[in-house]
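# Breakdown of the fold
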Amino acid sequence: MQFNSAITEELRQNVKYKDLLSWGIHNGVLLDSVYLPAAFDDGLTGVVATQYIPPNKAIICVPYNLVISQEKCKESELKEIYLQNPQLFDEDESSDAEFNILIFYMYREKRRGKESFYYPYIEAIQAKNTLNEWTQQELEMIEDPHILQEFAVVKQDMLTLWNKAEQIIIANQDLFGQPSINDKEDFYWAAESVMSRCFGWSLKSTSMIPVADFLNHSNQACTHNMVHKIFEQNNEDFQKQYKIKKDKLDLSVLGLPKVLAQYNDNKGSYIRKNQQYLDEQIILDLQKEQKNIDNLKDDEKRYLINQINYNQLMRSQQQIWDLGFCTSTDSEDNDSDEEVEEAKQKQFQHLKQQEEQLVKARRKTHVQVILNECNQHKHLLEKQNSVKITGLTEQQLDMIKTVQQDKLKQFNQVQDAQSETSSEESQWDWLKEDDKDAYFAITSTSPIYKNQQVTVSYGRRTNRFLISWYGFALEFNKYSSYNFRLWLNTEIYKTIPISSKLFDLIVIQDVIQYEDFENGFIFKDFKIDIQQITKEFRLKRHKLNNDLIMYLRLYLMVFYDGPDLKEALITVPTFLDYEIFILQFSIKLFNYFMNKFSQSLEEDIRQLHQPIDYKRKFAIYINKERKEILMAQIMMTLDAIIILKKYKENQNLKESYLQEKDGKFKRNQGVLKLNI
């Protein structure tokens, strides 16, 4: 996203932005090396770096007394409103209570106009930036039924909230003023502002943060911390509940000395340690351009890491799975404390589930549900009698269980150590609403260069989530996936061959609501028990979905006529021909999805190079990424088929893998060039 200096200069003359900055700075907001508002391509307004910003530096600090927190709202003149309507504002009665509290507060402040302390902030907030402003025709440009159905629920929920709010507003005109034809519009403005701008994680409660919420979202972004200037400065005033940040962050914007440790660049360290695996020409190019590892951009480091990993594999005598490597993707960098916590939780759950599955050996799953269904159909009895689904031996189970327990023990030790050094608070007795020495601080996580947009991460959000809640999508979103479920109906498998007609009847991409779990799910005029529907498969750009493959290992036995299935396993590949059959089925499924789109990927790319409005652009971003994920899945699956066929010939898995990857790597050399 390119910085536009001409439009930025125009924005600087805009009264609403001038007033916002003046109000913020007058009330203690601190800015270091950044400026807002800044204009970027496509009319985007955000924050820009005015000079190079190193990692771990606090660049925007908002005093906590400016923050619109739950506690501040509850102690405002709306206090009685909140108490009298627990169905809306009590967390024990409404899961949306925190949002509702903020929405009513923001609505009242907007109605107060210039009498509101937050008037400059409210005037500067852009309105009408969610899907609420899209027409039905514009919504239908998004070719993802899940998004459209999910938003329909959000839209209905907002209307329901307004209908309830209207009665409260009319009954409390002393607080909200006389009824006006703009009431609904103002209320929707407040709801959309809270939906798209509030902060939650690592805070005492969900809050609105003036000035800081003008940062846009990206996957490579800044994070935020709560920082107390006095506690950082004077140890005698230190509170145990508060966690010191000055050894991890540059807090010079607060007038504190720099004492943080040096930035730990894992990518750069890995490249330095393994330079011997870089091609000689790459090293010469670096020297020619007078570049060193420290000043390379992230995409350049990723290219070098990929080449190191590839050359390590080519030169090593070890098996593929025995090699250590450094990931070139940012998804492993854990750029924020939220991502660290989420990654830890996912790893813990994964280990826990693995151990449970191994110990219990065959607990009831969708796989067994299908086998039970198969038992009910006589036409399958003969075939099923010839199929033996076997698990691991007791000796294998004991061995794997021991390994998993050791991993779990090591993980818990790491988790305990990290929790002691975490920079996030979990207790908040030290934080007072009117404390001018407590700051909400936006801090960099990686280098930010002059004229580069400064962004913050809203979390590991897919484009589905971003468009539904915030009204925008990213062209390249590493967290997005292609999602679907399958209906486990053996009657359909019995009567219909593998074809688009079969996929029409078994593929589910609709939203499954809470009530569907109790009442059954309506699909294609059938009422389906939820137990007959698979969990949601999420296809990613860079790896095959193992859950999908395991399910297909069972279901495709209905279609497979090969002789090798008596000892077939579901959890691991057993027979080459059957694995190839499964992968070929997957390609047919992915092609079925590709054929459902109204235009090609090439046409998406062509239109993105044309002048189009932002709604069309966001819709294309979503459609395009879904196609790209499917294309990546098709290519990876084809690679896997080629490797398995080569292995069938030579019985050497590593050699088969390297033959295919070497050919592919050489084919891509003209494309994958280091930009130096």
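Described below are features of the structure shown in this document.

Conventions we followed
- Residues numbered from 1 in each chain as written.
- Predicted model: local features only at pLDDT ≥ 70, side-chain atom pairs only at ≥ 80, totals over all residues.
- Heavy atoms only, no water.
- Core = buried A, V, L, I, M, F, W, Y, C linked by side-chain atoms within 4.5 Å.
- Buried < 20%, exposed > 50% of the residue type's maximum accessible area, 1.4 Å probe, protein only.
- Helix = DSSP H or I, 4+ residues; strand = E, 2+ residues; numbered from the N terminus.
- Contact = heavy atoms within 4.5 Å.
- Pairing = 2+ DSSP bridges.
- Axes fitted to C-alpha atoms, helices over the stretch in contact; angles between N-to-C directions.
- Phe/Tyr/Trp six-rings, centres within 6.5 Å; stacked < 30°, edge-to-face > 60°.
- Lys NZ or Arg CZ within 6 Å of the ring centre and 35° of its normal.
- Expected span 1.5 Å × (residues − 1).
- Salt bridge = Lys/Arg side-chain N within 4 Å of Asp/Glu carboxyl O.

In this structure, Met106 and Tyr121 are the most contacted members of the largest nonpolar core, which totals 105 residues. With nine residues, the top contributor of residues to this core is helix H9 (residues 145–171). Setting aside anything within four residues of it in sequence, one finds Met106 in contact with Ile68, Tyr121, Ile122, Ile125, Trp189, Ala190, Val194 and Met208. Ranked by size, the runner-up nonpolar core spans 45 residues in total, among them Phe521, Leu539, Met594 and Ile634.

An order of S1-S3-S4-S8-S6-S7-S5-S2 is seen for the eight strands of this open sheet, with the pairing classed as mixed. In the strand order of this sheet, the two ends are held by strand S1 (3–4) and strand S2 (30–31), each with one partner. The sheet contact formed by strand S6 (residues 216–228) and strand S7 (residues 438–443) spans six bridges and is antiparallel. Of the residues in S7, the one forming a bridge with Met226 is Phe440. Contacting S1, strand S3 (34–40) and strand S4 (44–49), helix H1 (residues 5–12) crosses the sheet at an angle of about 120° to S3. Those strands touched by helix H2 (residues 15–26) are S2, S3 and S4, and its axis lies near 160° from that of S3.

This part takes up the sheet that holds strand S10 (residues 507–508). Two pairing modes exist for strands in a sheet, parallel and antiparallel, and in both the strands are linked by backbone hydrogen bonds. As summarised here, the arrangement of the three strands in space is S10-S9-S13, forming an open sheet in which the pairing is antiparallel. Whereas interior strands pair on both sides, the edge strands pair on one side only; in this sheet they are S10 and strand S13 (537–539). Here three bridges tie strand S9 (residues 482–486) to S13, and the two strands are oriented antiparallel to one another. Across the sheet, residue Tyr482 finds its bridge partner in S13, namely Leu539. In the packing of helix H24 (residues 546–555) onto the sheet, contacts are made with S9 and S13, and the angle to S13 comes to roughly 125°.

Further remarks concern the packing of aromatic side chains. As enumerated under the stated definition, the model contains 35 aromatic pairs in all. Relative to Phe176, the ring of Tyr107 lies with its centre 5.8 Å away and its plane at 40°, an arrangement referred to as tilted. Separated by 69 residues along the polypeptide, Tyr107 in helix H6 (residues 97–112) and Phe176 in helix H10 (residues 173–176) bring together distant segments of the chain. For the pair shown, Tyr107 and Phe176 are each scored as buried. Each ring, one from Phe503 and one from Phe585, has its centre 5.5 Å from the other, and the planes form 75°; the classification is edge-to-face. One end of the pair, Phe503, is in helix H22 (residues 500–506); the other, Phe585, is in helix H25 (residues 576–594), and 82 residues separate them in sequence. A cation sits over an aromatic face here: Arg197 above Phe214, 4.6 Å from the ring centre. The ring of Phe465 carries Arg461 above its face, with NZ or CZ at 4.2 Å from the centroid.

Moving on: helix H15 (residues 298–315). The terminal C-alpha atoms of H15, which comprises 18 residues, lie 26 Å apart, in line with the 26 Å expected from a rise of 1.5 Å per residue. Turning to H15, its buried residues number three or more, namely Glu300, Lys301, Tyr303, Leu304, Ile305, Gln307, Ile308, Asn309, Tyr310, Asn311, Gln312 and Leu313.

Our next topic: the pattern of salt bridges. All told, the structure shown has 22 salt bridges when counted by the stated rule. Its salt-bridge partner being Lys624, residue Glu475 comes within 3.7 Å of it at the nearest N-O pair. You can see Glu475 sitting in the loop between helix H20 (463–469) and S9 and its partner Lys624 sitting in helix H27 (residues 614–650), a full 149 residues away along the chain. For the salt bridge of Arg538 with Glu536, the shortest nitrogen-to-oxygen distance reads 3.3 Å. The class for Glu536 is partly exposed, based on a relative accessible area of 21%. Through salt bridges with shared partners, a single network forms among Asp144, Arg464, Glu536, Arg538 and Arg626.

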